[in-house]
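Chain residues, written in single-letter form:
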Amino acid sequence: QVQLVESGGGLVQPGGSLRLSCVASGRTSSRGVLGWFRQAPGKEREFVAGSSWSGHITYYGESVKGRFSISRDSAKNTQYLQMNSLKPEDTAVYYCAATLGDKWRPTASDFTSWGQGTQVTVSS
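Here we summarise the structure given alongside this text. (Residues numbered from 1 in each chain as written. Predicted model: local features only at pLDDT ≥ 70, side-chain atom pairs only at ≥ 80, totals over all residues. Heavy atoms only, no water.)

## Points about the state of the cysteines
The bond known as a disulfide is covalent and runs between the sulfur atoms of two cysteines. Stated precisely, the cut-off is as follows: By disulfide we mean two sulfur atoms from cysteines, separated by a distance within 2.5 Å. The numbering of helices and of strands both runs from the N terminus, where a helix is a DSSP run of H or I of at least 4 residues and a strand a run of E of at least 2.
Tallied over the entire structure, the rule returns one disulfide. Two residues share a disulfide in this structure: Cys22 and Cys96, whose sulfurs sit 1.9 Å from each other. The chirality of the disulfide connecting Cys22 with Cys96 is left-handed, given an S-S dihedral of about -75 degrees. A residue pair is termed long-range when its members are at least 10 positions apart, and Cys22 in strand E3 (residues 18-26) and Cys96 in strand E9 (residues 92-98) qualify at 74 residues.

In structure tokens:
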């Protein structure tokens, strides 16, 4: 019911910055969370950040707190993930994901809609 499209991935040097965007369409929920996960080869899908469009509340994974931040442009139904001070371990496919309600955990199983993913590679 919710369609999500990510963009903005690419190759960046360690210490650099990158901004991802997620455009949402379809039946979104005012109680839901729009967030980000990432998955590196051989690793589990990891929660990165999430934000409620109506609640002005954001959540960040411990590994990215202080380096990544979420912002949004409601008129464009777009959420941005600003990634600063990037490290090689940030290399992964990044997915935009959404929940339909306000009961959720920072685990992939609680998110019901997913984008196609965008590759972020941090390397010299």
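## Thoughts on the side chain of Ser21
Cut-off, in case you're wondering: Nitrogen and oxygen atoms within 3.5 Å of one another constitute a polar contact, given that in protein one can donate a hydrogen and the other can accept it, and given that sequence-neighbouring residues count only through two side-chain atoms.
Mapping Ser21 onto the fold places it in strand E3. Of the polar contacts made by the side chain of Ser21, one reaches the side chain of Ser7; its length is 2.8 Å.

## Section: the side chain of Arg67
We apply this condition: In this analysis, two residues are considered to be in contact whenever any of their non-hydrogen atoms come within 4.5 Å of each other.
Mapped onto the fold, Arg67 is located in the loop between strand E6 (58-60) and strand E7 (68-73). Ignoring anything within four residues of it in the chain, the contact list for Arg67 reads Gln82, Met83, Asn84, Ser85, Leu86, Lys87 and Asp90.

## Brief notes about the environment of Tyr59
Within the element layout of this structure, Tyr59 appears in strand E6. Taking C-alpha positions, Tyr59 is 8.9 Å from Pro106, a pair spaced 47 residues apart along the chain. Contacts of Tyr59, omitting those with residues within four sequence positions, involve Phe47, Val48, Ala49, Gly50 and Trp104.

## Points about the sheet that holds E3
Note the following rule: What makes two strands pair is DSSP finding at least two bridges between them. All axes are obtained by fitting lines to C-alpha atoms, using only the stretch in contact for helices, and the reported angles, taken between N-to-C directions, cover 0 to 180 degrees.
Reading across the sheet, the four strands line up as E1-E3-E8-E7 and stay open at both edges, with antiparallel pairing between neighbours. One side of each edge strand has no neighbouring strand; the edge strands of this open sheet are strand E1 (2-7) and E7. Strand-to-strand, the axes of this sheet are offset by a mean angle of 20 degrees, without reference to chain direction.

## Describing unusual backbone geometry
To be explicit about the condition: For each residue, the accessible area found with a 1.4 Å probe, counting protein chains only, is set against the maximum for its type, and the residue is called buried under 20%, exposed over 50%, and partly exposed in between.
Positive phi values are uncommon outside glycine, yet Asn77 reaches one of about 50 degrees. Phi at Ser85 takes a positive value of approximately 50 degrees, unusual for a residue other than glycine. Note on placement: Ser85 falls in the loop between strand E8 (78-83) and E9. On the basis of relative accessibility, which here comes to 42%, the residue Ser85 falls in the partly exposed class.

## Looking at the pairing of strand E11 (residues 118-122)
By the alternation rule, side chains of E11 split into Thr118, Val120 and Val122, which are all buried, and Gln119 and Thr121, of which none is buried. Where strand E2 (residues 10-12) lies against E11, three bridges are found, and the strand directions are parallel. Of the residues in E11, the one forming a bridge with Leu11 is Thr121. Both E9 and E11 contribute to a ladder of three bridges, which runs antiparallel. Its bridge partner lying in E11, Tyr94 is registered against Thr118.

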